[in-house]
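# Working through the structure, step by step
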Amino acid sequence: MHRPTPSVRSHEASDTGDRESTGDAAGPDRWPPSTQAVTHIGRACVIQGHTDFTPDDLRLVRDRFPHRHVTLDGDVITVWPTPLPRP
């Protein structure tokens, strides 16, 4: 799934199940303002920006996904999937 941010609608896997959210700029349930696209690859979420993201953008995404590992690499923020429980 790869669409420009203003029209992004995604089903994100949270630690408690799936929930639907919209992808608009900034806010508690929103993406950083410079977000260009949000892509889901399996259970990971990749946020691509028009320009490099800032530490504040990283904090915004980390606050949105408090129990997930979130990394910043220039214009890409990755929300990594939580490890699956061992059988």
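Residues numbered from 1 in each chain as written. Predicted model: local features only at pLDDT ≥ 70, side-chain atom pairs only at ≥ 80, totals over all residues. Heavy atoms only, no water.

### With respect to the nonpolar core
Counting residues in hydrophobic clusters, the biggest one holds 11 residues: Trp31, Val38, Cys45, Ile47, Phe53, Leu58, Val61, Phe65, Val70, Ile77 and Val79. Where this core is concerned, the elements lending two or more residues are strand E5 (44–49), helix H1 (55–64) and strand E7 (76–79). (Core = buried A, V, L, I, M, F, W, Y, C linked by side-chain atoms within 4.5 Å. Buried < 20%, exposed > 50% of the residue type's maximum accessible area, 1.4 Å probe, protein only. Helix = DSSP H or I, 4+ residues; strand = E, 2+ residues; numbered from the N terminus.)

### Here we look at the pairing of strand E6 (residues 70–73)
The pairing of E6 with E7 spans 4 bridges and is antiparallel. From the neighbouring strand, Thr71 faces E7, where its bridge partner is Thr78. Between E6 and E7, which pair antiparallel one after the other, the connecting turn spans 2 residues, and Gly74 there sits at a positive phi close to 65 degrees. (Pairing = 2+ DSSP bridges.)

### Here's the deal with the environment of Thr71
Of note, Thr71 is situated in strand E6. Classification of Thr71 by relative accessible area gives partly exposed; the value is 26%. On a C-alpha basis, the gap between Thr71 and Val61 in space is 9.4 Å, while along the polypeptide they are 10 residues apart. Ignoring anything within four residues of it in the chain, the contact list for Thr71 reads Leu58, Val76, Ile77, Thr78 and Trp80. Within polar-contact distance, the side chain of Thr71 engages the side chain of Trp80 at 3.0 Å. (Contact = heavy atoms within 4.5 Å. Polar contact = N/O pair within 3.5 Å; in protein donor to acceptor, adjacent residues only side chain to side chain.)

### Some thoughts on H1
Residues Asp57, Leu58, Val61 and Arg64 constitute the buried set of H1. The buried residues of H1 occupy one face: seen down the axis, they fall within an arc of 125 degrees. Pointing more than 90 degrees away from the buried face of H1 are the exposed residues Pro55, Asp56 and Asp63. (Arc of directions from axis to C-beta.)

### Describing the pattern of salt bridges
Any two side chains of opposite charge can pair, given that their charged atoms come close. In the structure shown here, the tally under the stated rule is 1 salt bridge. A salt bridge links Asp56 to Arg59, with the shortest nitrogen-to-oxygen separation between them at 2.2 Å. Of this pair, Asp56 and Arg59 both sit in helix H1, 3 residues apart, roughly one helical turn. (Salt bridge = Lys/Arg side-chain N within 4 Å of Asp/Glu carboxyl O.)

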